[in-house]
Amino acid sequence: MASRVFFIPLSKHSDDRERSDAGRRILTALLEKSGGIAPELPLKLHFGERGNRTYLAPEVYDGMIEVIESRGSKSFFTETSVLYGGERFKAEKHIALAQKHGFTRLPVVIADGDNGEAAVNVPVRNGRHFQTAAIGKVLADAEQVLVISHFKGHMLAGFGGAIKQLSMGFASKGGKMAMHLGVKPRIRAWKCRACGVCATRCNAGAIIKDKKYRIDRDKCIGCGACFSICPHHAVSVLTLAGIKNALFGNNVFRQKLVEYAMASHDGKRNIYITFAVNVTPGCDCEPRRMSACVPDIGVFGSFDPVALDCACYDKVKAAGKSFRGRAQLDYAEKIGLGSCDYELVEL
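Model, not experiment: these values are computed from the prediction.

Criteria and thresholds
- Residues numbered from 1 in each chain as written.
- Predicted model: local features only at pLDDT ≥ 70, side-chain atom pairs only at ≥ 80, totals over all residues.
- Heavy atoms only, no water.
- Salt bridge = Lys/Arg side-chain N within 4 Å of Asp/Glu carboxyl O.
- Helix = DSSP H or I, 4+ residues; strand = E, 2+ residues; numbered from the N terminus.
- Buried < 20%, exposed > 50% of the residue type's maximum accessible area, 1.4 Å probe, protein only.
- Pairing = 2+ DSSP bridges.
- Contact = heavy atoms within 4.5 Å.
- Axes fitted to C-alpha atoms, helices over the stretch in contact; angles between N-to-C directions.
- Nonpolar A, V, L, I, M, F, W, Y, C, P; charged D, E, K, R; others polar.
- Phe/Tyr/Trp six-rings, centres within 6.5 Å; stacked < 30°, edge-to-face > 60°.
- Lys NZ or Arg CZ within 6 Å of the ring centre and 35° of its normal.

Draft legend 1. Summary view of the pattern of salt bridges. For the structure on display, the rule yields 17 salt bridges. Residues D141 and K137 are paired through a salt bridge, measuring 2.5 Å at the closest nitrogen-oxygen approach. Residue D141 and its partner K137 are located together in helix α4 (residues 137–141), separated by four residues, close to a single helical turn. Residue classification places K137 among the partly exposed residues on the basis of a relative accessible area of 40%. Between R214 and D210 there is a salt bridge whose closest N-O contact spans 2.7 Å. Its relative accessible area of 39% is what places R214 among the partly exposed residues. Taken together, the shared-partner salt bridges connect D21, R24, D62, E66, E69 and R105 into one network.

Put into C-alpha cells, the structure is as follows:
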C-alpha cells in the first residue's frame, strides 16, 4: 500500500510568509490523520551554520508553532551538536548562534547535552552496520517529534531530507563519529596535560591513566564524549582508515545514515515535514552563501520519512536537478524504515 504524502506547491520565489502558511496547512492535515499530538512536541530543525544564508528562516516555523499551541501542546526548538568545530560544537555557543539567527520564539534545547555527551543507545532494527545508535537524549526520550527538514544537496549523502535529519540530525557526537568515520578516538600524549577531564566523562571506563591518559580500545564504545570535552584538544578521531571511509565509502555512509534514521523513527509517532525551497547543492552546515539550483517547489508532509524523501527527490529531479544518493531510499525500504511507493496528495 502506498504511503500518503501531502503536498502544497509554492511560487518559484516564495517568501517566508507563504512557506509558513503552507507548513501550517500541512501540519493541520497530518494531525487530522494522526492518533493525536503529544503534550510536548519538540521541533527538530537546523539553525543554520554561521555564514550560511539559505537555511529555513525562523519565521517559516510560525504557522506550525501556532497549530501546536492551538492544540494545547508545548514545544521547543532542538538540534544536536556537530562533530566539527565552530559555534555549533558546544551547547552554549550553539544556543547563542540559534538566537542570533532569530530562533527566539521557543526555548532552544541542545538534545545531546553541553558537549555532545548526553546520548541513549537505541536499538537498530535490521541493521547491517549497527546494532545500536547513539541518539541525543532529549530526542531519544521524546514521545513524538516534529521533524522539519530542508531538502538540499549534501557532499557525502548525495541529498539531505527527512532521513538525514533523522540520522545525523538526531545523533550525538559519538553517533556522528560512528557514521562518518567508524573509528574510536585516541589521546595524543604530546598534547595531553593529564587533567583527567576526559576520564570523568567516560561511562565505559575506557580511559586509563599511566603517566598521561590513554584509551583502552577494547573497552571504548566510540561515544565521542572524551573528544567533545577535552580542553586541550588532545583527543583525535582522525585515522587514515577513517578518512578514507569518509571520503570514498559513500554507499556505506548512506546505509549508516539509514540505520540511524531507523533508530530515531522506530516506535515513535513522529511527524515529518520537508520544505523544498532554496534547494542548494550543499548542506545548511556549510558556512557560505549558496544559490538555489532549482526554483522553489513546495512543502511536503508524511508519517513515512522514506516516502517523503522519495516525493521530494522526484519533484526536484523533475525540476531539473538530479542529486546523487538515490540508493539510500532503496536501502531504507529494504530494512523497513518506510516505502518508496507513495501517493502524492496535493492540498
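Anyway, onward from the coordinates.
Draft legend 2. Looking closely at the sheet that holds strand β15 (residues 298–302). Taken in spatial order, the eight strands line up as β4-β3-β2-β7-β14-β15-β1-β16 in an open sheet, and their pairing is mixed. Each edge of the open sheet carries a strand with a single partner, namely β4 (108–110) and β16 (342–346). In this sheet, β15 lies alongside strand β14 (residues 271–276) in antiparallel orientation, the contact comprising five bridges. Bridge pairing in β15 places I273 opposite G301. This element, helix α1 (residues 16–33), spans β1 (3–9), β7 (146–150), β14 and β15 of the sheet and lies at about 155° to β14.

Draft legend 3. Looking closely at the packing of α1 against helix α2 (residues 62–70). Following both chains from N to C, one finds α1 and α2 inclined at 35°, their axes separated by 6 Å at the closest point. Of the residues in α2, those in contact with S20, G23, R24, L27, T28 and L31 of α1 are D62, G63, M64, E66, V67 and I68. Grouping the amino acids of the contact of α1 with α2 by side-chain chemistry returns five nonpolar, four polar and three charged.

Draft legend 4. Geometry of the packing of aromatic side chains. Enumeration according to the criterion identifies nine aromatic pairs in this entry. Centre to centre, the rings of F130 and Y260 are 5.1 Å apart; their planes meet at 80°, and the pair counts as edge-to-face. In this pair, F130 sits in the loop between β5 (119–123) and β6 (132–136) while Y260 sits in helix α10 (residues 250–265), placing the two residues 130 residues apart along the sequence. Y260 matches F130 in its accessibility class, with the two residues each being buried. Aromatic rings pair up to connect F47, Y61, F77 and F103 into one cluster. Stacked on the ring of F89, the Lys or Arg K173 has its end atom at 4.0 Å from the ring centre.

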